[in-house]
Amino acid sequence: MTPESYTELQLVVKINRIISFFFIGVIHGDLSDNNILIQPSASSPGEFQVVGFLDFGDATQSYYVFEIAILLCYVLLGACAGEDPIELAGHALAGYLSEFPLPKPDLSVLKICVTARLVQSLVLGAYTASVEPGNKDYVLQTQSKGWSLLHTLHARPATDVYTTWGRILKQYNLFFQF
(Lines give C-alpha, C1' and ligand atoms only; values in the text may rest on other atoms or scores of the structure.)
Protein backbone atom coordinates (compact mmCIF):
# COMPACT_ATOMS: atom_id res chain seq x y z
CA MET A 1 0.00 0.00 0.00
CA THR A 2 1.42 3.41 -0.98
CA PRO A 3 1.60 6.26 1.57
CA GLU A 4 -1.06 8.11 -0.45
CA SER A 5 -3.41 5.11 -0.33
CA TYR A 6 -2.86 4.72 3.37
CA THR A 7 -3.68 8.39 3.94
CA GLU A 8 -6.85 8.08 1.82
CA LEU A 9 -7.82 4.91 3.68
CA GLN A 10 -7.35 6.72 6.98
CA LEU A 11 -9.59 9.51 5.70
CA VAL A 12 -12.36 7.08 4.75
CA VAL A 13 -12.16 5.58 8.24
CA LYS A 14 -12.29 9.09 9.74
CA ILE A 15 -15.35 10.04 7.67
CA ASN A 16 -17.16 6.86 8.65
CA ARG A 17 -16.37 7.57 12.31
CA ILE A 18 -17.64 11.18 12.31
CA ILE A 19 -20.39 11.17 9.66
CA SER A 20 -23.07 10.80 12.32
CA PHE A 21 -22.09 14.29 13.56
CA PHE A 22 -22.51 15.98 10.16
CA PHE A 23 -25.39 18.41 9.69
CA ILE A 24 -28.11 16.92 7.54
CA GLY A 25 -31.11 18.39 5.73
CA VAL A 26 -32.57 19.06 2.32
CA ILE A 27 -29.92 20.08 -0.20
CA HIS A 28 -30.29 21.38 -3.76
CA GLY A 29 -27.79 18.81 -5.06
CA ASP A 30 -26.61 20.74 -8.13
CA LEU A 31 -25.54 24.24 -7.11
CA SER A 32 -23.67 25.43 -10.18
CA ASP A 33 -23.47 28.74 -12.01
CA ASN A 34 -26.15 27.36 -14.33
CA ASN A 35 -28.60 27.02 -11.44
CA ILE A 36 -28.03 30.16 -9.37
CA LEU A 37 -29.92 33.36 -10.20
CA ILE A 38 -28.18 36.64 -9.37
CA GLN A 39 -28.93 40.31 -9.83
CA PRO A 40 -26.97 43.51 -9.29
CA SER A 41 -26.93 44.59 -5.67
CA ALA A 42 -29.04 47.68 -4.99
CA SER A 43 -26.90 48.64 -2.00
CA SER A 44 -23.42 47.85 -3.37
CA PRO A 45 -22.79 48.96 -6.96
CA GLY A 46 -20.61 46.52 -8.88
CA GLU A 47 -21.64 43.61 -6.65
CA PHE A 48 -24.28 40.96 -7.10
CA GLN A 49 -26.62 39.08 -4.83
CA VAL A 50 -28.19 35.64 -5.07
CA VAL A 51 -31.94 35.92 -5.62
CA GLY A 52 -32.93 32.35 -6.43
CA PHE A 53 -32.10 28.86 -7.60
CA LEU A 54 -33.19 26.70 -10.54
CA ASP A 55 -33.38 22.97 -11.26
CA PHE A 56 -34.43 21.13 -8.12
CA GLY A 57 -34.30 17.73 -9.82
CA ASP A 58 -31.37 16.61 -7.65
CA ALA A 59 -32.79 17.95 -4.37
CA THR A 60 -32.63 15.38 -1.62
CA GLN A 61 -32.00 14.93 2.07
CA SER A 62 -28.27 14.66 2.60
CA TYR A 63 -25.31 16.20 4.36
CA TYR A 64 -24.81 19.94 3.97
CA VAL A 65 -21.08 19.42 3.46
CA PHE A 66 -21.98 17.66 0.20
CA GLU A 67 -23.90 20.74 -0.92
CA ILE A 68 -20.94 23.06 -0.41
CA ALA A 69 -18.61 20.47 -1.99
CA ILE A 70 -20.77 20.47 -5.12
CA LEU A 71 -20.73 24.27 -5.28
CA LEU A 72 -16.97 24.45 -4.72
CA CYS A 73 -16.35 21.84 -7.40
CA TYR A 74 -18.14 24.02 -9.95
CA VAL A 75 -16.27 27.12 -8.76
CA LEU A 76 -12.96 25.30 -9.18
CA LEU A 77 -13.94 24.23 -12.69
CA GLY A 78 -14.94 27.80 -13.55
CA ALA A 79 -11.54 29.29 -12.73
CA CYS A 80 -9.96 31.15 -15.63
CA ALA A 81 -6.33 30.85 -16.68
CA GLY A 82 -4.11 32.67 -14.22
CA GLU A 83 -6.61 32.38 -11.36
CA ASP A 84 -5.96 30.12 -8.41
CA PRO A 85 -9.03 27.87 -8.26
CA ILE A 86 -8.45 27.17 -4.55
CA GLU A 87 -8.56 30.91 -3.84
CA LEU A 88 -11.78 31.32 -5.83
CA ALA A 89 -13.35 28.43 -3.97
CA GLY A 90 -12.38 30.14 -0.70
CA HIS A 91 -14.49 33.18 -1.62
CA ALA A 92 -17.48 30.97 -2.51
CA LEU A 93 -16.99 29.12 0.76
CA ALA A 94 -17.03 32.43 2.62
CA GLY A 95 -20.34 33.34 1.00
CA TYR A 96 -21.87 30.01 1.91
CA LEU A 97 -20.58 29.96 5.48
CA SER A 98 -21.65 33.57 6.09
CA GLU A 99 -25.25 32.44 5.57
CA PHE A 100 -25.07 28.85 6.73
CA PRO A 101 -22.22 28.02 9.14
CA LEU A 102 -21.01 24.43 9.32
CA PRO A 103 -19.21 22.84 12.26
CA LYS A 104 -15.66 21.51 12.29
CA PRO A 105 -16.54 17.83 11.62
CA ASP A 106 -18.23 18.83 8.34
CA LEU A 107 -15.47 21.20 7.30
CA SER A 108 -12.71 18.73 8.20
CA VAL A 109 -13.70 16.54 5.21
CA LEU A 110 -14.51 19.30 2.74
CA LYS A 111 -11.46 18.84 0.51
CA ILE A 112 -12.06 15.12 0.04
CA CYS A 113 -15.76 15.78 -0.61
CA VAL A 114 -14.88 18.35 -3.29
CA THR A 115 -12.42 15.89 -4.84
CA ALA A 116 -15.02 13.11 -4.74
CA ARG A 117 -17.60 15.34 -6.44
CA LEU A 118 -15.11 16.14 -9.19
CA VAL A 119 -14.42 12.42 -9.72
CA GLN A 120 -18.17 11.76 -9.78
CA SER A 121 -18.71 14.45 -12.38
CA LEU A 122 -15.88 13.15 -14.58
CA VAL A 123 -16.94 9.51 -14.42
CA LEU A 124 -20.68 10.11 -14.79
CA GLY A 125 -20.05 12.54 -17.65
CA ALA A 126 -17.99 9.95 -19.53
CA TYR A 127 -20.55 7.23 -18.89
CA THR A 128 -23.52 9.39 -19.90
CA ALA A 129 -21.73 10.45 -23.11
CA SER A 130 -21.25 6.79 -23.99
CA VAL A 131 -24.96 5.96 -23.63
CA GLU A 132 -26.35 9.32 -24.83
CA PRO A 133 -24.00 10.47 -27.61
CA GLY A 134 -26.42 13.21 -28.65
CA ASN A 135 -25.96 14.85 -25.24
CA LYS A 136 -22.18 14.50 -25.08
CA ASP A 137 -21.32 18.19 -25.51
CA TYR A 138 -23.27 19.02 -22.36
CA VAL A 139 -22.26 16.03 -20.21
CA LEU A 140 -18.58 16.30 -21.12
CA GLN A 141 -18.12 19.97 -20.20
CA THR A 142 -16.23 18.98 -17.05
CA GLN A 143 -13.72 16.83 -18.94
CA SER A 144 -11.71 19.65 -20.53
CA LYS A 145 -10.54 21.10 -17.21
CA GLY A 146 -11.59 18.40 -14.81
CA TRP A 147 -8.77 15.89 -15.12
CA SER A 148 -5.97 18.41 -14.68
CA LEU A 149 -7.90 20.02 -11.83
CA LEU A 150 -8.28 16.61 -10.19
CA HIS A 151 -4.50 16.06 -10.35
CA THR A 152 -3.88 19.56 -8.95
CA LEU A 153 -6.39 19.16 -6.14
CA HIS A 154 -5.15 15.70 -5.23
CA ALA A 155 -1.52 16.86 -5.13
CA ARG A 156 -2.26 19.85 -2.89
CA PRO A 157 -2.17 18.86 0.78
CA ALA A 158 -5.40 19.37 2.70
CA THR A 159 -3.57 21.54 5.24
CA ASP A 160 -2.51 23.88 2.43
CA VAL A 161 -6.06 24.07 1.05
CA TYR A 162 -7.56 24.70 4.50
CA THR A 163 -4.92 27.33 5.32
CA THR A 164 -5.77 29.17 2.09
CA TRP A 165 -9.49 28.96 2.76
CA GLY A 166 -9.01 30.03 6.40
CA ARG A 167 -7.05 33.10 5.28
CA ILE A 168 -9.80 34.06 2.84
CA LEU A 169 -12.55 33.50 5.41
CA LYS A 170 -10.75 35.90 7.78
CA GLN A 171 -11.01 38.62 5.08
CA TYR A 172 -14.77 38.33 5.57
CA ASN A 173 -14.47 38.22 9.38
CA LEU A 174 -15.36 34.52 9.38
CA PHE A 175 -13.44 32.17 11.64
CA PHE A 176 -13.92 28.45 11.14
CA GLN A 177 -11.78 25.43 11.97
CA PHE A 178 -11.15 22.73 9.42
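Residues numbered from 1 in each chain as written. Predicted model: local features only at pLDDT ≥ 70, side-chain atom pairs only at ≥ 80, totals over all residues. Heavy atoms only, no water.

**Observations regarding the overall build of the chain**
Logical step 1: Within the chain, the regular secondary structure consists of 8 helices and 4 strands.
Logical step 2: Beginning at the N terminus, the succession of helices and strands in the chain can be written as α-β-β-β-β-α-α-α-α-α-α-α.
Logical step 3: A compact globule built from 178 residues should have a C-alpha radius of gyration of about 16 Å, and the chain, at 17 Å, falls within 12% of that.
Logical step 4: Principal-axis analysis of the C-alpha atoms gives the chain an extent of 55 × 45 × 35 Å. (Helix = DSSP H or I, 4+ residues; strand = E, 2+ residues; numbered from the N terminus. Rg over C-alpha atoms; globule rule 2.2 N^0.38 Å.)

**Thoughts on the pattern of salt bridges**
Logical step 1: This structure, assessed with the given rule, holds 4 salt bridges.
Logical step 2: Here arginine 117 makes a salt bridge to aspartate 30, at a shortest N to O gap of 3.9 Å. Remark: aspartate 30 occurs in the loop between strand E1 (24–27) and strand E2 (36–40) and arginine 117 occurs in helix H5 (residues 110–131); sequence separation between them is 87 residues.
Logical step 3: On the basis of relative accessible area, arginine 117 is assigned to the buried category, the value being 16%.
Logical step 4: Ionic pairing is found between aspartate 160 and arginine 156, a salt bridge with its closest N-O pair at 2.8 Å.
Logical step 5: By relative accessible area, aspartate 160 is classed as partly exposed at 32%.
Logical step 6: On the basis of relative accessibility, which here comes to 18%, the residue arginine 156 falls in the buried class.
Logical step 7: Bridged by salt links that share partners, the residues Asp84, Arg156 and Asp160 form one connected network. (Salt bridge = Lys/Arg side-chain N within 4 Å of Asp/Glu carboxyl O. Buried < 20%, exposed > 50% of the residue type's maximum accessible area, 1.4 Å probe, protein only.)

**Digging into the state of the cysteines**
Logical step 1: Across all of its chains, the model carries 0 disulfides by this definition.
Logical step 2: The thiol sulfur of cysteine 80 is not disulfide-bonded, and the nearest other cysteine sulfur, from cysteine 73, lies at 16 Å.
Logical step 3: When its relative accessible area of 48% is taken as the criterion, cysteine 80 is described as partly exposed.
Logical step 4: Unpaired in this structure, cysteine 113 has its nearest cysteine sulfur neighbour in cysteine 73, at a distance of 11 Å. (Disulfide = S-S within 2.5 Å.)

**Observations concerning the side chain of arginine 117**
Logical step 1: At 3.2 Å, the side chain of arginine 117 and the side chain of glutamine 120 are in polar contact.
Logical step 2: Apart from the residues within four sequence positions on either side, arginine 117 is in contact with Gly29, Asp30, Ala69, Ile70, Cys73 and Tyr74. (Polar contact = N/O pair within 3.5 Å; in protein donor to acceptor, adjacent residues only side chain to side chain. Contact = heavy atoms within 4.5 Å.)

**Examining helix H2 (residues 64–77)**
Logical step 1: When the terminal C-alpha atoms of H2 are compared, their 20 Å separation across 14 residues agrees well with the 20 Å that a helix rising 1.5 Å per residue should span.
Logical step 2: When you tally the buried positions in H2, you get 11 out of 14 residues, the bulk of the element.
Logical step 3: Taken together, the buried positions of H2 are occupied by Tyr64, Val65, Glu67, Ile68, Ala69, Ile70, Leu71, Leu72, Cys73, Leu76 and Leu77. (Expected span 1.5 Å × (residues − 1).)

**Considerations on the nonpolar core**
Logical step 1: Within the largest apolar cluster, 38 residues are counted, with the highest numbers of intra-cluster contacts made by Ile68, Leu72, Leu93, Leu110, Val114 and Trp165.
Logical step 2: In this structure leucine 110 touches Val65, Ile68, Ala69, Leu72, Leu93, Tyr162 and Trp165, once residues within four positions along its chain are discounted. (Core = buried A, V, L, I, M, F, W, Y, C linked by side-chain atoms within 4.5 Å.)

**A word on a nonpolar patch on the surface**
Logical step 1: Taken together, the side chains of Ile38, Phe48, Val50, Phe53 and Phe56 present a nonpolar region at the surface, about 550 Å² in accessible area.
Logical step 2: Ranked by residues supplied to the nonpolar patch, first place goes to strand E3 (residues 48–53) with 3 residues.
Logical step 3: Look at phenylalanine 56 and you get exposed, because its relative accessible area is 52%. (Patch = residues over 30% accessible without salt bridge, like charges linked within 9 Å, V, L, I, M, F, W, Y side chains within 5 Å. Areas by Shrake-Rupley, 256 points an atom, 1.4 Å probe, with all protein chains shown as cover.)

**Remarks on the environment of serine 121**
Logical step 1: Following the sequence through the fold, serine 121 ends up in helix H5.
Logical step 2: The exposure class of serine 121 is buried, given its relative accessible area of 15%.
Logical step 3: Sequence spacing of serine 121 and aspartate 33 is 88 residues, and the spatial spacing of their C-alpha atoms is 15 Å.
Logical step 4: Every residue in contact with serine 121, bar those within four places of it in the chain, is listed here: Thr142 and Gln143.

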